[in-house]
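# Fold and contact review
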Amino acid sequence: MIRILNDIWVLDTAHTTYVFALLPTGQLEHLHYGSRLQIETAEDVESLREKHAFQPGNSVVYDQQHLEYTLEDMRLEMSGLGKGDIREPFVELVRADGSMTCDFVYEKSEIREKKAVLNGLPSAYGATGGELVIVLRDRNFGEILELHYSVYEETDVITRYTILKNTTADSLQLKRLMSAQLDFDRDDLVVHSFGGSWAREMNHYNTRLSGGKFVNASLTGTSSNRANPFIMLATEQTSEDVGECYGVNLIYSGNHYEAVEVNGYHKSRMVTGINPTQFSYTVAAGEEFTTPEAVLSYSQTGFNGLSQNLHHFVKEHIVRGTWQKKPRPVLLNSWEAMYFDISESKLLKLAKAGKEVGVELFVMDDGWFGTRENDTKGLGDWTENRKKLPGGIKGLADKVTALGMDFGIWVEPEMVNVDSDLYRAHPEWTLAIPDKEHSEGRNQRILDLCNPEVREYLIMTMTKLFSSAKISYVKWDMNRVISDCFAPSEKNQGQTAHDYVIGFYEVMEALTAQFPEILFEGCASGGNRFDLGMLCYFPQIWGSDNTDAVCRARMQTSYSYGYPMNTVGAHVSSCPNHQTLRNTPLASRFNVAAFGVLGYECNLCDAKKEELEEIRKQIAFYKEWRDVLQFGDFYRGENGNLHTVTCVSPDKKKAVGMIMQELVEPNTQSHCFYPKGLAPEKRYHFYNQEYRYNIKGFGDLVNTVAPIHIKQDSFVHNMVAKFVTMPGEKEDYRTFGANLMQGVRLKQAFGGTGYNEQVRYFQDFSSRMYLMEEV
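Below: a short report on this structure. Only a predicted model underlies this, so the values are computations on that prediction, with no experimental measurement involved. Sequence order as written defines the numbering, with residues in each chain counted from 1. Residue-level local features of this predicted model are given only where pLDDT is at least 70; pairs of side-chain atoms are given and counted only at 80 or more, and the full residue set underlies all totals for whole chains, interfaces and linings. Computation of side-chain values covers all heavy atoms of the structure but excludes hydrogens and water.

### Quick notes on the overall build of the protein
Segments assigned H or I by DSSP are reported as helices when at least four residues long, segments assigned E as strands when at least two residues long, and all are numbered from the N terminus. Broken down by element type, the protein carries 13 helices and 40 strands. For the radius of gyration, the atoms used are the C-alpha atoms, and the globule rule reads 2.2 Å times the number of residues raised to 0.38. Expected size for 775 residues packed as a compact globule is a radius of gyration near 28 Å; at 28 Å, the protein falls within 12% of this value. Within the span of the protein, comprising 775 residues, buried residues form 61% of the whole. All tallies of charge rest on Lys and Arg as positive and Asp and Glu as negative; His and the ends of each chain are not included. Where a charge sits is defined by one atom per residue type, namely NZ (Lys), CZ (Arg), CG (Asp) or CD (Glu). Averaging the locations of the 79 positively and 103 negatively charged side chains of the protein gives two centres separated by 7 Å. Residue exposure (1.4 Å probe, protein chains only): buried if accessible area is under 20% of the type maximum, exposed if over 50%, otherwise partly exposed.

Following this line, the structure appears as structure tokens:
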């Protein structure tokens, strides 16, 4: 709900309130964003307003009529430089006369019945109560700044974006325009950010900020794996289930900027928006510029509470189209099975192996087109290689669908190899400084999506490709960051990085509208473009090229703070893992991947009979519990050497839990699993899947019970292992959800003193799945 009480603006969600008011000087004072308040009249917010009688020393007063305070020591909805506020600015611009002072003051406000469509940018949909628009005008020069607010009541989310309108007679250079600003009168917040690099996405960093500035930003041309645009602000005492925290994200896939600054008055300011570094946008007279939309949420029930807000928001107001609520298929991708060395016969053999274990979608990855024998050539020439695919894509797709599976394909349309027909025909179509040496990435260059001719070509080429066969799925990749950022089509190179993103959105808007039944999965060397802007077109995104179960458990935990797990592509791959050379149990690889969107990326043609049987059972289990895993509510538990999670169906009748151990701690027999999100009053059946374990996993301990000595890995050892397996423990309880959430004391783990069916075989990288069903 959005309300205007004279010069006070109140935005309420189910559990939160956001309030700001007009200052006598014309600026907007931020009063509160947090737990729900009871506000009926203007008098109800007087206790929230700052009280000042005299200005602080060594400060600047805004004008001579108001000598009691300085803008530097006020909480504001937005602020610029030049009038005394020397903190992180919301807006920076340079006018024709060289002046840079920004003095935007209140002019008017209105509640519009419907939220506006952002100019060239995706945004959230389904807001409740219309859109609040605050109009500010620069007191000296007359430019207009509009602050737009929307409320998503049921998910406790408020969104903001900004429009700058140049109402003057001259062009101006916009150097910075943020999407949102939050000011706090406290200096004890911890900034939680998520970053890393290729194969090491989403490391969770905590930065206690009592002074100075923290910046989380990307200059890769994408939202990046170096610094995801999602951050959290919380107290030091906040835990998964207790305490205050704020979530901030940006519906944008390009260079972003989040800064948190603590000033000398013990106030904290957070801003988020387009990265101002190398950004300089020409706004001509009569024109306007719109920022991406920022997403804000608050929880007083810890990080899990915040995640529930954001998960529901993304599921209901970001992801859209056919696949928003449609179960995602179990896929088998060809990449790690054969890399570039593909052929129709190899692909069909792999697809048949996938069909036999229950795979629903077969995906042909890189290597199918042009002269694509490796990553140095062929990229950009989207015509099938008839030596590899004699029947073309259609011939292969027909044969795969005849097996009873859907068919998918890999593309990387934004890129081109220099050694390609496309580049030879149009070298001017790439981002590069003409006639200067270019810094390459993965032997490829980036097409200039600022150029309408290039966008038209991509839409036409991909339309022809996607129409050439029965294609149900497209993996859209982007395998490098931008270097030498120069677009031949741009007059102002300070616009290139942003205009590239706008051009990309235009391409995706056209293709997703034309092919609404195709499931598009985003990818950018793994998680180099995992953001809310992408999720407006891609219902799921490949989380990382690293499929190691231990790494993925950590990464997926980090993703889960801001993104629902049914947006994270997660695959079971072979071991030793191709990125880490680590060996982990097949069961753990599945258990981790099952909490994302499950797929397999391994050579099933080379798998052992026992492995194929285990995979067959895994896929059958996943299909049975898919609705819970893909559309349930996800809760984190422990996240250290032990990882625990719970996923609960929306009606709370079913739940799936998992515990995974990284490394064994000797003589630690006792573990407790704490389910979360259950209905306390419901009675559940809590149980686990029963397993039997290869006796070779116990090494030469077999000799403590064998009547003869058995040498490890000997013929006798292998023969015994074929016929003798060790029983796994059984967990089986019936009780109320309230009792289960107090912790289920599991059967003891192996501690080196004995083993039988009452002992949990729980070695390095082991895991268990626990099932809960209403009785």
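### Examining the packing of helix H6 (residues 452-466) against helix H7 (residues 496-514)
For helices, the fitted axis covers only the stretch in contact; all axes are lines through C-alpha atoms, and the angles between them, taken along N-to-C directions, range from 0 to 180 degrees. In contact at an axis separation of 10 Å, H6 and H7 are set at 30 degrees when each is read in the N-to-C sense. As the angle between them shows, H6 and H7 are arranged roughly parallel. As for the relative orientation of H6 and H7, their crossing is right-handed in sense. Within the contact between the two elements, H6 uses Arg455, Ile459, Met462, Thr463 and Phe466 and H7 uses Gly503, Glu506, Val507, Ala510, Leu511 and Gln514. Residue polarity follows a fixed list, in which Ala, Val, Leu, Ile, Met, Phe, Trp, Tyr, Cys and Pro are nonpolar, Asp, Glu, Lys and Arg are charged, and the others, Gly among them, are polar. Among the residues forming the contact of H6 with H7, the class breakdown is six nonpolar, three polar and two charged. Here the word oblique covers every angle except those under 35 degrees (roughly parallel), over 145 (roughly antiparallel) and from 65 to 115 (roughly perpendicular). Two helices that cross are described as forming a left-handed crossing if the nearer one is turned anticlockwise from the farther one by less than a right angle, and a right-handed crossing if clockwise. Only heavy atoms enter the contact rule, under which two residues are in contact if any of them lie within 4.5 Å.

### A look at a nonpolar patch on the surface
On the surface, a nonpolar cluster with roughly 620 Å² of combined accessible area is contributed by Ile708, Phe715, Val716, Met719, Phe723 and Val724. Since its relative accessible area comes to 37%, Val716 is described here as partly exposed. Patch definition: residues with relative accessible area over 30% and no salt bridge; like charges joined within 9 Å; nonpolar side chains (Val, Leu, Ile, Met, Phe, Trp, Tyr) joined within 5 Å. Reported accessibility uses the Shrake-Rupley method at a 1.4 Å probe radius. Residues are deemed covered only where the shown protein chains occlude them. Each salt bridge in this description consists of a side-chain nitrogen of Lys or Arg and a carboxyl oxygen of Asp or Glu lying within 4 Å of one another.

### What about the nonpolar core?
Counting 183 residues, the largest nonpolar core has Leu174, Met364, Trp368, Ile393, Phe466 and Tyr600 as its most contacted members. Among residues more than four places away in sequence, those in contact with Tyr600 are Val330, Leu331, Leu332, Asn333, His571, Val572, Phe590, Ile615, Gln618 and Ile619. In this text, buried Ala, Val, Leu, Ile, Met, Phe, Trp, Tyr and Cys residues form a nonpolar core when linked through side-chain atoms within 4.5 Å.

### Structural notes on the state of the cysteines
The disulfide criterion used throughout: a pair of cysteine sulfur atoms within 2.5 Å. One pass over the structure, following the stated rule, counts zero disulfides. Residue Cys536 stays outside any disulfide, its sulfur separated by 18 Å from that of Cys523, the closest cysteine. Left without a disulfide partner, Cys602 is nearest to the cysteine sulfur of Cys575, which lies 9.7 Å away. The buried category is assigned to Cys602, whose relative accessible area is 9%.

### What about the pattern of salt bridges?
All told, the structure shown has 47 salt bridges when counted by the stated rule. The shortest N-O distance in the salt bridge between Glu88 and Arg176 comes to 2.8 Å. Here Glu88, found in the loop between strand S4 (28-35) and strand S5 (91-94), pairs with Arg176, found in strand S10 (residues 172-184); they are 88 residues apart in sequence, far enough to count as distant. Judged by its relative accessible area of 7%, Arg176 falls in the buried class. Connected through salt bridges with shared partners, the residues Glu50, Asp73, Arg75, Asp185 and Lys267 form a single ionic network.

### Brief notes about the packing of aromatic side chains
By convention, a stacked pair of Phe, Tyr or Trp rings (six-membered ring in the case of Trp) has centres within 6.5 Å and planes under 30 degrees apart, an edge-to-face pair has planes over 60 apart, and any other such pair is tilted. Applying the stated criterion across every chain yields a total of 50 aromatic pairs. Centroid distance Phe230 to Tyr563: 6.3 Å. Interplanar angle 65 degrees. Geometry classified as edge-to-face. Taken together, the residues Phe230 in the loop between strand S13 (212-217) and strand S14 (231-234) and Tyr563 in the loop between helix H9 (549-560) and strand S29 (568-573) connect sequence positions 333 residues apart. According to the relative accessible area criterion, Phe230 is buried, its value standing at 1%. Between Trp335 and Phe340, the aromatic rings sit 5.2 Å apart at their centres with planes inclined by 85 degrees, giving edge-to-face as the arrangement. Counting every residue linked through ring pairs, the aromatic cluster contains Trp9, Tyr18, Phe20, Tyr33, Tyr106, Tyr149, Phe184, Tyr246 and Tyr298. Over a ring means this: the NZ of a Lys or the CZ of an Arg is within 6 Å of the ring centre and within 35 degrees of the ring normal. When the ring centre of Tyr561 is taken as reference, the NZ or CZ atom of Arg636 above it lies at 3.6 Å. A cation over a ring is seen here: Lys654 above Trp625, with NZ or CZ 4.9 Å from the ring centre.

### What to know about the pairing of strand S22 (residues 361-364)
Side-chain alternation along S22 places Leu361 and Val363 on one buried face and Phe362 and Met364 on a second face that is also buried. Any two strands with at least two DSSP-identified bridges between them are counted as paired. Summarising the sheet, strand S21 (residues 331-333) and S22 pair through three bridges and their orientation is parallel. Bridge pairing links Leu331 to Leu361 in S22. For S22 and strand S23 (residues 406-411), the ladder comprises four bridges, and the chain directions are parallel. Among the inter-strand pairings, Met364 is bridged to a residue of S23, identified as Ile409. Handedness is read with the strands pointing away from the viewer; a crossover is right-handed when the path from the first strand over the helix to the second is clockwise. Regarding the hand of the β-α-β motif, the stretch spanning S22, helix H4 (residues 392-402) and S23 is right-handed.

### Here's the deal with the sheet that holds S23
Within a beta sheet, neighbouring strands are joined by backbone hydrogen bonds and run either parallel or antiparallel to one another. Pairing is parallel in the closed barrel, where eight strands are placed in the order S21-S22-S23-S26-S27-S28-S29-S30. In this sheet, adjacent strand axes meet at a mean angle of 30 degrees when their direction is disregarded. The pairing of S21 with strand S30 (residues 597-601) spans two bridges and is classified as parallel. Counterpart to Leu331 in the pairing with S30 is Gly599. Strands in contact with H7 are strand S26 (473-476) and strand S27 (519-522); relative to S26, the strand with the most contacts, it is inclined by about 175 degrees.

### Some words on unusual backbone geometry
That bond from Cys575 to Pro576 is cis: its omega, 0 degrees, falls within 30 degrees of zero. Tracing the sequence through the fold places Pro576 in the loop between S29 and helix H10 (586-593). A positive phi angle, near 45 degrees, is found at Tyr339, a position not held by glycine. Within the element layout of this structure, Tyr339 appears in the loop between helix H2 (335-338) and helix H3 (344-357). The partly exposed category is assigned to Tyr339, whose relative accessible area is 31%. The residue Asp713 is not glycine, and still its phi comes out positive at about 60 degrees. Relative to the helices and strands, Asp713 is located in the loop between strand S36 (692-694) and helix H12 (715-723). What makes Asp713 exposed here is its relative accessible area of 56%.

### Observations regarding the environment of Val45
With respect to the helices and strands, the residue Val45 is situated in the loop between S4 and S5. Distance from Val45 to Asn140, taken between C-alpha atoms, is 31 Å for residues 95 residues apart in sequence. With residues up to four places along the chain from it excluded, the contact list for Val45 reads Ile8, Val19, Leu31 and Ile39.

### Description of the sheet that holds strand S33 (residues 654-661)
Taken together, six strands build an open sheet; the order of strands is S31-S32-S33-S40-S35-S38 and the sheet is antiparallel. Strand pairing shows two members of the sheet lacking a second neighbour, strand S31 (633-639) and strand S38 (732-736), which therefore form its edges. Adjacent strand axes in the sheet meet at a mean angle of 20 degrees when their direction is disregarded. Across five bridges, the pairing between strand S35 (residues 683-688) and strand S40 (residues 767-774) is antiparallel. Bridged to Phe686 within S40 is Met772.

### A closer look at H4
Within an α-helix, residues lying three or four positions from one another point in the same direction, as the helix has 3.6 residues per turn. Residues of H4 that are buried: Gly392, Ile393, Gly395, Leu396, Ala397 and Val400. Looking at the packing, one finds that the buried side of H4 touches H3, S22, S23 and H6. Immediately beyond the C-terminal end of H4, within one or two residues, lies Gly404, with a positive phi of roughly 95 degrees.

### Some thoughts on the pairing of strand S32 (residues 642-648)
Along S32, seven of the seven residues are buried, which leaves the element largely enclosed by surrounding structure. Burial along S32 is two-sided: Leu642, Thr644, Thr646 and Val648 and His643, Val645 and Cys647, pointing in opposite directions, are all buried. Direction of pairing for S31 relative to S32: antiparallel, over a ladder of five bridges. Along S32, the bridge assignment pairs Asn639 with His643. Hairpin geometry of S31 and S32 is characterised by an intervening segment of two residues between the two adjacent antiparallel strands. Note that S32 and S33 share seven bridges and pair antiparallel.

### Some points on the side chain of Thr496
You can see Thr496 is positioned in helix H7. Thr496 gets classed as buried once you look at its relative accessible area, which sits at 0%. Contacts described as polar in this section are N or O atom pairs within 3.5 Å, which, within protein, must combine one atom able to donate a hydrogen with one able to accept it, while residues neighboring in sequence count only if both atoms come from side chains. Of the polar contacts made by the side chain of Thr496, one reaches the side chain of Gln493; its length is 2.8 Å.

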